[in-house]
Amino acid sequence: MLNTLIVGASGYTGAELAKMVHVHPHLELAGLYVSANSLDANKPISDLHGQLKGIVDLPLQPLTNPEAIAKQADIVLLATAHEVSHNLAPIFLSAGCQVFDLSGAFRVKADDFYNEYYGFEHQHAQWLEQAVYGLAEWNSEAVKQAQLIAVPGCYPTASQLALKPLLDAGLIDKNQWPVINAVSGVSGAGRKASMVNSYCEVSLQAYGVFTHRHQPEIASHLDCDVIFTPHLGNFKRGILATITAKLADGANMQQVSECMAGAYQLSDDAHAVRLLGEQTASIQNVVNTCFCDIGWKVQGQHIILTSAIDNLLKGASSQAMQCINIRNAFPQLTALV
Ligand SMILES: NC(=O)C1=CN([C@@H]2O[C@H](COP(=O)(O)OP(=O)(O)OC[C@H]3O[C@@H](n4cnc5c(N)ncnc54)[C@H](OP(=O)(O)O)[C@@H]3O)[C@@H](O)[C@H]2O)C=CC1
Ligand SMILES: CC(=O)N[C@@H](CCC(=O)OP(=O)(O)O)C(=O)O
(Lines give C-alpha, C1' and ligand atoms only; values in the text may rest on other atoms or scores of the structure.)
(Ligands and ions follow the chains in the order given, each with its own letter.)
Protein backbone atom coordinates (compact mmCIF):
# COMPACT_ATOMS: atom_id res chain seq x y z
CA MET A 1 0.00 0.00 0.00
CA LEU A 2 1.22 3.52 -0.81
CA ASN A 3 0.84 6.05 2.00
CA THR A 4 -1.11 8.97 0.54
CA LEU A 5 -1.57 12.45 2.01
CA ILE A 6 -4.08 15.07 0.91
CA VAL A 7 -3.20 18.69 1.61
CA GLY A 8 -6.15 21.05 1.26
CA ALA A 9 -8.45 18.18 2.16
CA SER A 10 -11.33 20.32 3.40
CA GLY A 11 -11.82 21.96 -0.01
CA TYR A 12 -14.04 20.71 -2.81
CA THR A 13 -11.36 18.87 -4.76
CA GLY A 14 -9.69 17.61 -1.56
CA ALA A 15 -12.91 15.99 -0.35
CA GLU A 16 -13.37 14.27 -3.73
CA LEU A 17 -9.82 12.96 -3.45
CA ALA A 18 -10.45 11.62 0.06
CA LYS A 19 -13.30 9.48 -1.31
CA MET A 20 -11.15 8.12 -4.14
CA VAL A 21 -8.12 7.34 -2.01
CA HIS A 22 -10.38 5.61 0.53
CA VAL A 23 -11.74 3.17 -2.10
CA HIS A 24 -8.43 2.66 -3.92
CA PRO A 25 -7.12 -0.88 -3.41
CA HIS A 26 -3.44 0.15 -3.40
CA LEU A 27 -3.52 3.48 -1.55
CA GLU A 28 -3.70 4.07 2.19
CA LEU A 29 -5.25 7.38 3.26
CA ALA A 30 -2.47 8.38 5.65
CA GLY A 31 -3.46 11.96 6.48
CA LEU A 32 -5.74 14.88 5.65
CA TYR A 33 -4.26 18.35 6.07
CA VAL A 34 -5.40 21.97 6.15
CA SER A 35 -3.42 25.14 6.84
CA ALA A 36 -1.65 25.52 10.19
CA ASN A 37 -4.19 28.08 11.41
CA SER A 38 -7.27 26.67 9.73
CA LEU A 39 -10.60 27.21 11.47
CA ASP A 40 -11.38 23.61 10.53
CA ALA A 41 -8.27 22.07 12.10
CA ASN A 42 -8.96 18.87 14.02
CA LYS A 43 -12.57 18.55 12.83
CA PRO A 44 -13.49 15.27 11.16
CA ILE A 45 -13.66 15.83 7.39
CA SER A 46 -17.18 14.38 7.46
CA ASP A 47 -18.34 17.30 9.66
CA LEU A 48 -17.69 19.53 6.63
CA HIS A 49 -18.58 17.11 3.86
CA GLY A 50 -21.57 15.17 5.16
CA GLN A 51 -21.54 12.67 2.29
CA LEU A 52 -18.32 11.26 3.78
CA LYS A 53 -19.95 10.37 7.15
CA GLY A 54 -19.22 6.79 8.08
CA ILE A 55 -16.93 6.50 5.06
CA VAL A 56 -14.06 8.87 5.82
CA ASP A 57 -14.20 10.41 9.30
CA LEU A 58 -10.49 11.18 9.68
CA PRO A 59 -9.59 14.55 11.24
CA LEU A 60 -8.29 17.50 9.25
CA GLN A 61 -4.86 18.07 10.71
CA PRO A 62 -3.09 21.43 10.75
CA LEU A 63 -0.06 21.35 8.47
CA THR A 64 2.53 22.60 10.94
CA ASN A 65 5.55 20.56 9.89
CA PRO A 66 5.42 19.40 6.27
CA GLU A 67 9.06 18.21 6.40
CA ALA A 68 8.15 15.71 9.14
CA ILE A 69 5.04 14.28 7.49
CA ALA A 70 6.83 14.06 4.14
CA LYS A 71 9.02 11.32 5.62
CA GLN A 72 6.03 9.00 6.04
CA ALA A 73 4.44 9.64 2.64
CA ASP A 74 4.78 7.97 -0.73
CA ILE A 75 2.22 10.14 -2.54
CA VAL A 76 1.13 13.71 -1.80
CA LEU A 77 -1.89 15.35 -3.39
CA LEU A 78 -1.82 19.14 -3.23
CA ALA A 79 -5.40 20.42 -3.47
CA THR A 80 -4.28 23.88 -2.49
CA ALA A 81 -4.17 27.38 -3.98
CA HIS A 82 -1.44 28.05 -6.56
CA GLU A 83 0.99 29.87 -4.29
CA VAL A 84 0.53 27.37 -1.46
CA SER A 85 1.32 24.49 -3.84
CA HIS A 86 4.28 26.44 -5.22
CA ASN A 87 5.72 26.69 -1.70
CA LEU A 88 4.88 23.18 -0.49
CA ALA A 89 5.67 20.98 -3.50
CA PRO A 90 9.49 21.27 -3.23
CA ILE A 91 9.37 20.15 0.43
CA PHE A 92 7.59 16.91 -0.45
CA LEU A 93 9.62 16.42 -3.62
CA SER A 94 12.92 16.75 -1.74
CA ALA A 95 11.75 13.99 0.59
CA GLY A 96 11.25 11.73 -2.44
CA CYS A 97 7.43 11.77 -2.52
CA GLN A 98 5.45 11.63 -5.74
CA VAL A 99 3.58 14.95 -5.88
CA PHE A 100 0.32 15.49 -7.78
CA ASP A 101 -0.50 19.19 -7.76
CA LEU A 102 -4.03 20.27 -8.66
CA SER A 103 -3.10 23.95 -8.78
CA GLY A 104 -1.63 25.93 -11.64
CA ALA A 105 1.78 26.34 -9.97
CA PHE A 106 3.73 23.99 -12.25
CA ARG A 107 1.68 23.81 -15.46
CA VAL A 108 3.26 26.33 -17.82
CA LYS A 109 6.96 26.78 -18.49
CA ALA A 110 6.82 30.14 -20.35
CA ASP A 111 8.92 33.08 -19.07
CA ASP A 112 7.08 35.62 -16.95
CA PHE A 113 3.88 33.56 -17.06
CA TYR A 114 3.57 33.35 -13.27
CA ASN A 115 4.22 37.05 -12.75
CA GLU A 116 1.69 38.00 -15.36
CA TYR A 117 -1.13 35.55 -14.71
CA TYR A 118 -0.67 34.36 -11.12
CA GLY A 119 0.79 37.45 -9.48
CA PHE A 120 3.89 35.81 -8.01
CA GLU A 121 7.41 35.15 -9.14
CA HIS A 122 8.14 31.46 -9.60
CA GLN A 123 10.98 30.42 -7.29
CA HIS A 124 11.43 26.79 -8.35
CA ALA A 125 12.57 26.83 -11.95
CA GLN A 126 14.11 23.37 -11.68
CA TRP A 127 10.93 21.73 -10.47
CA LEU A 128 8.91 23.69 -13.01
CA GLU A 129 11.19 22.33 -15.71
CA GLN A 130 10.80 18.76 -14.47
CA ALA A 131 7.04 18.91 -13.95
CA VAL A 132 4.95 16.82 -16.32
CA TYR A 133 1.57 18.15 -17.45
CA GLY A 134 -0.92 15.50 -16.42
CA LEU A 135 -3.36 15.52 -19.34
CA ALA A 136 -3.85 11.82 -18.75
CA GLU A 137 -4.99 10.63 -22.19
CA TRP A 138 -2.08 12.39 -23.91
CA ASN A 139 0.91 12.43 -21.58
CA SER A 140 0.86 8.99 -20.01
CA GLU A 141 4.39 8.03 -21.14
CA ALA A 142 5.84 11.13 -19.45
CA VAL A 143 3.61 10.74 -16.38
CA LYS A 144 4.98 7.21 -15.86
CA GLN A 145 8.47 8.67 -15.29
CA ALA A 146 7.58 11.85 -13.40
CA GLN A 147 7.96 12.81 -9.74
CA LEU A 148 5.93 16.03 -10.05
CA ILE A 149 2.70 15.97 -12.00
CA ALA A 150 0.92 19.26 -12.70
CA VAL A 151 -2.72 18.33 -13.11
CA PRO A 152 -4.30 20.55 -15.82
CA GLY A 153 -6.94 23.16 -15.06
CA CYS A 154 -10.63 22.41 -15.58
CA TYR A 155 -11.29 24.56 -18.66
CA PRO A 156 -7.98 23.50 -20.25
CA THR A 157 -8.91 19.83 -19.79
CA ALA A 158 -12.28 20.17 -21.52
CA SER A 159 -10.81 22.35 -24.28
CA GLN A 160 -7.66 20.40 -25.03
CA LEU A 161 -9.23 16.95 -25.06
CA ALA A 162 -11.56 18.15 -27.83
CA LEU A 163 -9.08 20.14 -29.94
CA LYS A 164 -5.81 18.25 -29.57
CA PRO A 165 -6.54 15.27 -31.83
CA LEU A 166 -7.63 17.54 -34.68
CA LEU A 167 -4.75 19.98 -34.29
CA ASP A 168 -2.18 17.21 -34.12
CA ALA A 169 -3.64 15.68 -37.29
CA GLY A 170 -3.51 19.02 -39.13
CA LEU A 171 -7.28 19.13 -39.58
CA ILE A 172 -7.71 22.63 -38.10
CA ASP A 173 -6.77 25.86 -39.89
CA LYS A 174 -4.55 27.46 -37.23
CA ASN A 175 -4.71 30.87 -38.94
CA GLN A 176 -8.29 31.14 -37.75
CA TRP A 177 -7.94 30.86 -33.98
CA PRO A 178 -10.35 28.32 -32.45
CA VAL A 179 -12.95 30.07 -30.29
CA ILE A 180 -13.73 28.41 -26.95
CA ASN A 181 -16.78 29.51 -24.96
CA ALA A 182 -17.08 27.58 -21.73
CA VAL A 183 -19.49 27.67 -18.80
CA SER A 184 -18.50 26.43 -15.35
CA GLY A 185 -20.47 25.65 -12.22
CA VAL A 186 -19.66 27.72 -9.13
CA SER A 187 -17.64 24.97 -7.39
CA GLY A 188 -14.90 25.84 -9.91
CA ALA A 189 -14.06 28.77 -7.68
CA GLY A 190 -13.47 26.63 -4.59
CA ARG A 191 -15.22 26.40 -1.22
CA LYS A 192 -14.00 29.61 0.35
CA ALA A 193 -16.74 32.23 0.62
CA SER A 194 -16.47 35.24 -1.67
CA MET A 195 -18.88 37.87 -2.92
CA VAL A 196 -18.77 36.83 -6.60
CA ASN A 197 -19.69 33.28 -5.66
CA SER A 198 -22.41 34.02 -3.18
CA TYR A 199 -25.88 32.71 -4.07
CA CYS A 200 -27.59 36.01 -4.80
CA GLU A 201 -24.69 37.40 -6.80
CA VAL A 202 -24.19 34.49 -9.21
CA SER A 203 -25.69 35.03 -12.63
CA LEU A 204 -24.79 33.46 -15.99
CA GLN A 205 -22.11 35.79 -17.30
CA ALA A 206 -18.71 35.93 -18.94
CA TYR A 207 -15.67 36.83 -16.85
CA GLY A 208 -11.93 37.14 -17.35
CA VAL A 209 -12.51 38.29 -20.92
CA PHE A 210 -9.14 38.20 -22.75
CA THR A 211 -7.32 37.93 -19.40
CA HIS A 212 -8.03 34.49 -17.94
CA ARG A 213 -4.92 32.44 -17.04
CA HIS A 214 -6.35 29.39 -18.79
CA GLN A 215 -5.98 31.02 -22.23
CA PRO A 216 -2.18 30.78 -22.17
CA GLU A 217 -2.35 27.35 -20.51
CA ILE A 218 -4.50 26.04 -23.36
CA ALA A 219 -2.58 27.84 -26.12
CA SER A 220 0.85 26.78 -24.90
CA HIS A 221 -0.02 23.11 -24.51
CA LEU A 222 -1.89 22.97 -27.82
CA ASP A 223 0.76 25.04 -29.57
CA CYS A 224 -2.07 27.02 -31.14
CA ASP A 225 -3.54 30.39 -30.26
CA VAL A 226 -7.13 30.34 -29.11
CA ILE A 227 -9.80 32.79 -28.07
CA PHE A 228 -11.07 31.60 -24.68
CA THR A 229 -13.99 33.08 -22.79
CA PRO A 230 -15.07 31.49 -19.48
CA HIS A 231 -18.55 31.97 -18.08
CA LEU A 232 -19.90 31.41 -14.60
CA GLY A 233 -23.18 29.49 -14.54
CA ASN A 234 -25.72 29.32 -11.73
CA PHE A 235 -25.24 25.63 -11.04
CA LYS A 236 -22.92 23.77 -8.69
CA ARG A 237 -20.65 21.65 -10.82
CA GLY A 238 -19.75 20.80 -14.40
CA ILE A 239 -18.20 22.55 -17.39
CA LEU A 240 -19.48 22.71 -20.93
CA ALA A 241 -17.08 24.05 -23.56
CA THR A 242 -18.47 24.88 -26.99
CA ILE A 243 -15.63 25.28 -29.46
CA THR A 244 -15.85 26.72 -32.96
CA ALA A 245 -12.98 26.28 -35.41
CA LYS A 246 -12.21 26.40 -39.11
CA LEU A 247 -11.15 23.15 -40.73
CA ALA A 248 -8.03 22.98 -42.85
CA ASP A 249 -8.62 23.11 -46.61
CA GLY A 250 -10.24 19.91 -47.79
CA ALA A 251 -10.87 18.44 -44.32
CA ASN A 252 -14.30 16.88 -43.86
CA MET A 253 -16.59 15.24 -41.31
CA GLN A 254 -15.39 11.72 -42.11
CA GLN A 255 -11.75 12.65 -41.50
CA VAL A 256 -12.70 14.39 -38.27
CA SER A 257 -14.64 11.36 -37.02
CA GLU A 258 -11.83 8.97 -37.95
CA CYS A 259 -9.30 11.22 -36.26
CA MET A 260 -11.30 11.38 -33.01
CA ALA A 261 -11.87 7.64 -33.01
CA GLY A 262 -8.16 7.02 -33.64
CA ALA A 263 -7.11 9.34 -30.82
CA TYR A 264 -9.46 7.86 -28.25
CA GLN A 265 -9.58 4.24 -29.28
CA LEU A 266 -10.06 2.12 -26.21
CA SER A 267 -6.94 0.10 -25.58
CA ASP A 268 -6.56 -2.55 -22.89
CA ASP A 269 -6.25 0.27 -20.37
CA ALA A 270 -9.52 2.22 -20.49
CA HIS A 271 -9.33 6.02 -20.38
CA ALA A 272 -11.82 8.74 -19.52
CA VAL A 273 -12.89 10.20 -22.88
CA ARG A 274 -16.25 9.21 -24.39
CA LEU A 275 -16.99 10.13 -28.00
CA LEU A 276 -20.52 11.18 -28.92
CA GLY A 277 -20.15 11.76 -32.67
CA GLU A 278 -22.85 14.17 -33.83
CA GLN A 279 -24.61 14.26 -30.46
CA THR A 280 -23.84 17.22 -28.20
CA ALA A 281 -22.18 16.82 -24.83
CA SER A 282 -24.14 17.72 -21.71
CA ILE A 283 -23.15 18.50 -18.15
CA GLN A 284 -25.85 16.19 -16.78
CA ASN A 285 -24.18 13.14 -18.32
CA VAL A 286 -20.75 13.79 -16.81
CA VAL A 287 -21.43 15.27 -13.36
CA ASN A 288 -20.15 12.94 -10.64
CA THR A 289 -18.23 10.92 -13.23
CA CYS A 290 -14.59 10.90 -14.30
CA PHE A 291 -15.50 11.26 -17.99
CA CYS A 292 -15.06 13.91 -20.64
CA ASP A 293 -17.79 13.62 -23.28
CA ILE A 294 -17.03 15.09 -26.70
CA GLY A 295 -19.38 15.64 -29.64
CA TRP A 296 -18.80 17.39 -32.99
CA LYS A 297 -20.56 18.50 -36.13
CA VAL A 298 -19.17 19.86 -39.39
CA GLN A 299 -20.82 22.27 -41.81
CA GLY A 300 -18.78 23.34 -44.82
CA GLN A 301 -15.37 24.41 -43.50
CA HIS A 302 -16.48 24.91 -39.90
CA ILE A 303 -16.60 22.54 -36.96
CA ILE A 304 -18.38 22.97 -33.65
CA LEU A 305 -17.23 20.69 -30.83
CA THR A 306 -18.88 20.33 -27.46
CA SER A 307 -16.93 19.00 -24.52
CA ALA A 308 -18.32 18.37 -21.02
CA ILE A 309 -16.62 17.39 -17.76
CA ASP A 310 -17.20 17.57 -14.05
CA ASN A 311 -14.82 20.39 -13.09
CA LEU A 312 -14.08 18.78 -9.71
CA LEU A 313 -13.39 15.33 -11.23
CA LYS A 314 -11.97 15.15 -14.77
CA GLY A 315 -11.19 18.87 -14.32
CA ALA A 316 -9.19 18.19 -11.14
CA SER A 317 -9.42 15.23 -8.71
CA SER A 318 -10.19 12.26 -10.94
CA GLN A 319 -7.59 13.40 -13.46
CA ALA A 320 -5.10 13.52 -10.56
CA MET A 321 -6.16 9.97 -9.64
CA GLN A 322 -5.79 8.86 -13.28
CA CYS A 323 -2.23 10.21 -13.13
CA ILE A 324 -1.52 8.38 -9.86
CA ASN A 325 -2.75 5.20 -11.52
CA ILE A 326 -0.65 5.73 -14.62
CA ARG A 327 2.43 6.62 -12.58
CA ASN A 328 2.14 3.52 -10.43
CA ALA A 329 1.07 1.07 -13.16
CA PHE A 330 -2.44 0.54 -11.81
CA PRO A 331 -5.34 0.32 -14.29
CA GLN A 332 -6.04 3.94 -15.29
CA LEU A 333 -9.57 4.17 -13.93
CA THR A 334 -8.94 2.41 -10.60
CA ALA A 335 -11.08 4.03 -7.86
CA LEU A 336 -12.92 6.06 -10.51
CA VAL A 337 -15.57 3.79 -12.02
N1 LIG B 1 -12.55 23.73 -7.92
C2 LIG B 1 -12.25 23.33 -9.15
O3 LIG B 1 -13.13 23.02 -9.98
C4 LIG B 1 -10.83 23.18 -9.56
C5 LIG B 1 -9.79 23.56 -8.74
N6 LIG B 1 -8.49 23.45 -9.18
C7 LIG B 1 -7.39 23.86 -8.31
O8 LIG B 1 -7.26 22.92 -7.24
C9 LIG B 1 -6.83 23.58 -6.05
C10 LIG B 1 -7.87 23.32 -4.95
O11 LIG B 1 -9.11 23.81 -5.39
P12 LIG B 1 -10.44 23.73 -4.50
O13 LIG B 1 -10.57 22.40 -3.90
O14 LIG B 1 -11.51 24.26 -5.36
O15 LIG B 1 -10.08 24.80 -3.36
P16 LIG B 1 -10.83 25.11 -1.97
O17 LIG B 1 -10.74 26.57 -1.78
O18 LIG B 1 -12.17 24.46 -1.96
O19 LIG B 1 -9.90 24.38 -0.90
C20 LIG B 1 -8.60 24.81 -0.59
C21 LIG B 1 -8.05 23.96 0.52
O22 LIG B 1 -6.73 24.36 0.84
C23 LIG B 1 -6.62 24.54 2.28
N24 LIG B 1 -5.50 25.45 2.52
C25 LIG B 1 -5.47 26.80 2.38
N26 LIG B 1 -4.24 27.27 2.69
C27 LIG B 1 -3.47 26.20 3.02
C28 LIG B 1 -2.13 26.04 3.45
N29 LIG B 1 -1.31 27.09 3.56
N30 LIG B 1 -1.68 24.80 3.74
C31 LIG B 1 -2.50 23.72 3.63
N32 LIG B 1 -3.79 23.80 3.23
C33 LIG B 1 -4.27 25.03 2.92
C34 LIG B 1 -8.00 25.02 2.66
O35 LIG B 1 -8.30 24.86 4.02
P36 LIG B 1 -8.04 26.04 5.11
O37 LIG B 1 -8.19 27.35 4.40
O38 LIG B 1 -9.07 25.81 6.17
O39 LIG B 1 -6.64 25.81 5.57
C40 LIG B 1 -8.83 24.04 1.83
O41 LIG B 1 -8.81 22.77 2.43
C42 LIG B 1 -6.68 25.06 -6.41
O43 LIG B 1 -5.36 25.32 -6.80
C44 LIG B 1 -7.60 25.21 -7.63
O45 LIG B 1 -7.20 26.28 -8.44
C46 LIG B 1 -8.19 22.92 -10.38
C47 LIG B 1 -9.18 22.51 -11.23
C48 LIG B 1 -10.57 22.64 -10.90
C1 LIG C 1 -15.77 29.11 -11.90
C2 LIG C 1 -14.34 29.48 -11.57
O3 LIG C 1 -14.09 30.45 -10.90
N4 LIG C 1 -13.40 28.69 -12.06
C5 LIG C 1 -12.00 28.89 -11.82
C6 LIG C 1 -11.16 27.83 -12.52
C7 LIG C 1 -10.81 26.67 -11.62
C8 LIG C 1 -9.63 25.83 -12.12
O9 LIG C 1 -9.54 25.14 -13.10
O10 LIG C 1 -8.57 25.89 -11.42
P11 LIG C 1 -7.10 26.34 -11.67
O12 LIG C 1 -7.09 27.68 -11.13
O13 LIG C 1 -6.34 25.38 -10.86
O14 LIG C 1 -6.66 26.31 -13.06
C15 LIG C 1 -11.54 30.24 -12.35
O16 LIG C 1 -12.00 30.70 -13.37
O17 LIG C 1 -10.60 30.79 -11.76
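All values reported here derive from a predicted model rather than from experimental measurement.

(A) Main features of the site of ligand 2. Near ligand 2, the surroundings consist of 15 residues, among which Arg 107, Cys 154, Tyr 207, Arg 213 and His 214 are the closest. A distance of 2.7 Å is found between an oxygen atom of ligand 2 and a side-chain nitrogen or oxygen belonging to Arg 107. Bound to the protein, ligand 2 loses 85% of the 430 Å² it would expose on its own. Among the residues forming the shell around ligand 2, the class breakdown is 6 nonpolar, 7 polar and 2 charged. For the shell around ligand 2, the domains that each give at least three residues are domain 1 (2-130) and domain 2 (154-312).

(B) How the structure looks around the site of ligand 1. Taken together, 27 residues form the shell around ligand 1, and within it Ser 10, Thr 13, Ser 35, Ser 38 and Thr 80 come nearest. One of the backbone nitrogen or oxygen atoms of Arg 191 is found 2.8 Å away from an oxygen atom of ligand 1. In the complex, the protein chains occlude 81% of the 890 Å² of accessible area that ligand 1 would expose alone. Looking at the shell around ligand 1 residue by residue, the class counts come to 11 nonpolar, 14 polar and 2 charged. There are two domains that each give the shell around ligand 1 at least three residues, and those are domain 1 (2-130) and domain 2 (154-312).

(C) The arrangement of the domain arrangement of the chain in detail. The domain boundaries assigned to the chain delineate domain 1 (2-130) and domain 2 (154-312). On a C-alpha basis, the centres of domain 1 and domain 2 stand 26 Å from each other. Between domain 1 and domain 2, the residue contacts involve 14 residues of the former and 13 residues of the latter. Counting the surface lost from both domain 1 and domain 2, the interface buries some 1,100 Å², and carbon and sulfur atoms represent 58% of this. Three residues stand out in domain 1 for area buried against domain 2, namely Tyr 12, Arg 107 and Tyr 117, and they jointly supply 49% of the buried area on that side. Taken together, domain 1 and domain 2 are joined by 2 salt bridges. A salt bridge links Arg 237 to Glu 16, with the nearest nitrogen and oxygen atoms 3.0 Å apart. Between domain 1 and domain 2 we count 3 residue pairs in polar contact (both at pLDDT 80 or more) in total. Breaking the side of domain 1 that touches domain 2 down by element, the ones donating at least two residues are helix 1 (12-23) and helix 5 (113-118). Its residues assigned to classes, the side of domain 1 that touches domain 2 shows 6 nonpolar, 5 polar and 3 charged.

(D) Representation of the packing of helix 1 against helix 11 (residues 313-327) in the model. Helix 11 packs onto helix 1 with a crossing angle of 35° between their chain directions and a minimal axis gap of 10 Å. Like other packed secondary-structure pairs, helix 1 and helix 11 cross with a definite hand, here right-handed. The segment helix 1 lies against helix 11, with Thr 13, Glu 16, Leu 17, Met 20 and Val 21 engaging Leu 313, Ala 316, Ser 317, Ser 318, Ala 320 and Met 321. Residue classes in the contact of helix 1 with helix 11 are distributed as 7 nonpolar, 3 polar and 1 charged.

Quick notes on the rules
Residues numbered from 1 in each chain as written. Chains lettered and ligands numbered in written order. Predicted model: local features only at pLDDT ≥ 70, side-chain atom pairs only at ≥ 80, totals over all residues. Heavy atoms only, no water. Near = heavy atom within 4 Å. Polar contact = N/O pair within 3.5 Å; in protein donor to acceptor, adjacent residues only side chain to side chain. Areas by Shrake-Rupley, 256 points an atom, 1.4 Å probe, with all protein chains shown as cover. Nonpolar A, V, L, I, M, F, W, Y, C, P; charged D, E, K, R; others polar. Domains from an automatic or database assignment. Contact = heavy atoms within 4.5 Å. Buried area = accessible area lost by both parts, 1.4 Å probe. Salt bridge = Lys/Arg side-chain N within 4 Å of Asp/Glu carboxyl O. Helix = DSSP H or I, 4+ residues; strand = E, 2+ residues; numbered from the N terminus. Axes fitted to C-alpha atoms, helices over the stretch in contact; angles between N-to-C directions. Left-handed = near helix turned anticlockwise from the far one by under 90°.

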